[in-house]
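# What the coordinates show
The chain contents come next:
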Amino acid sequence: MECATADCDREATVELHIPWDENRYVCMGHARVQSRKDGIVADPLETADDDLPDGASNHG
Ligand SMILES: [Zn+2]
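Below you will find a few notes about this structure. (Residues numbered from 1 in each chain as written. Predicted model: local features only at pLDDT ≥ 70, side-chain atom pairs only at ≥ 80, totals over all residues.)

### Considerations on unusual backbone geometry
- In this structure, Asp7 is a non-glycine residue whose phi angle is positive, near 70°.
- Counting through the fold element by element, Asp7 comes out in the segment before strand 1 (14-17).
- Judged by C-beta crowding, with 5 C-beta atoms within 10 Å, Asp7 ranks as exposed. (Helix = DSSP H or I, 4+ residues; strand = E, 2+ residues; numbered from the N terminus. Buried ≥ 20, exposed ≤ 12 C-beta atoms within 10 Å, placed from the backbone.)

Okay, structure coming up:
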């Protein structure tokens, strides 16, 4: 699934819960930007872990 943002073709790894609109699937970068708006909640998808850089998920 691609990021829902126009002109972005990165893999969507986050679901945005938007109170005044339908939920949207976006990449991590756009989720960070858009989740700053009032009421929007960024909810990482289960597959998001695959996109994290090595060491980001504390494997020990
Ligand atoms: Zn994006």
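### A short note on the environment of Leu16
- Secondary-structure assignment places Leu16 in strand 1.
- By the C-beta count within 10 Å, which is 21 here, Leu16 ends up buried.
- C-alpha of Leu16 to C-alpha of Val41: the two residues are 25 residues apart in sequence and 5.6 Å apart in space.

### Considering the sheet that holds strand 1
- The sheet built from three strands is open, its strands ordered 2-1-3 with antiparallel pairing. Of all strands in the sheet, those bounded by a partner on one side alone are strand 2 (24-26) and strand 3 (41-44). Neighbour-to-neighbour, the strand axes of this sheet turn through a mean angle of 30°, independent of strand direction.
- By the bridge criterion, four bridges tie strand 1 to strand 3 in an arrangement that is antiparallel. Within strand 3, the residue paired with Val14 across the bridge is Pro44. (Pairing = 2+ DSSP bridges. Axes fitted to C-alpha atoms, helices over the stretch in contact; angles between N-to-C directions.)

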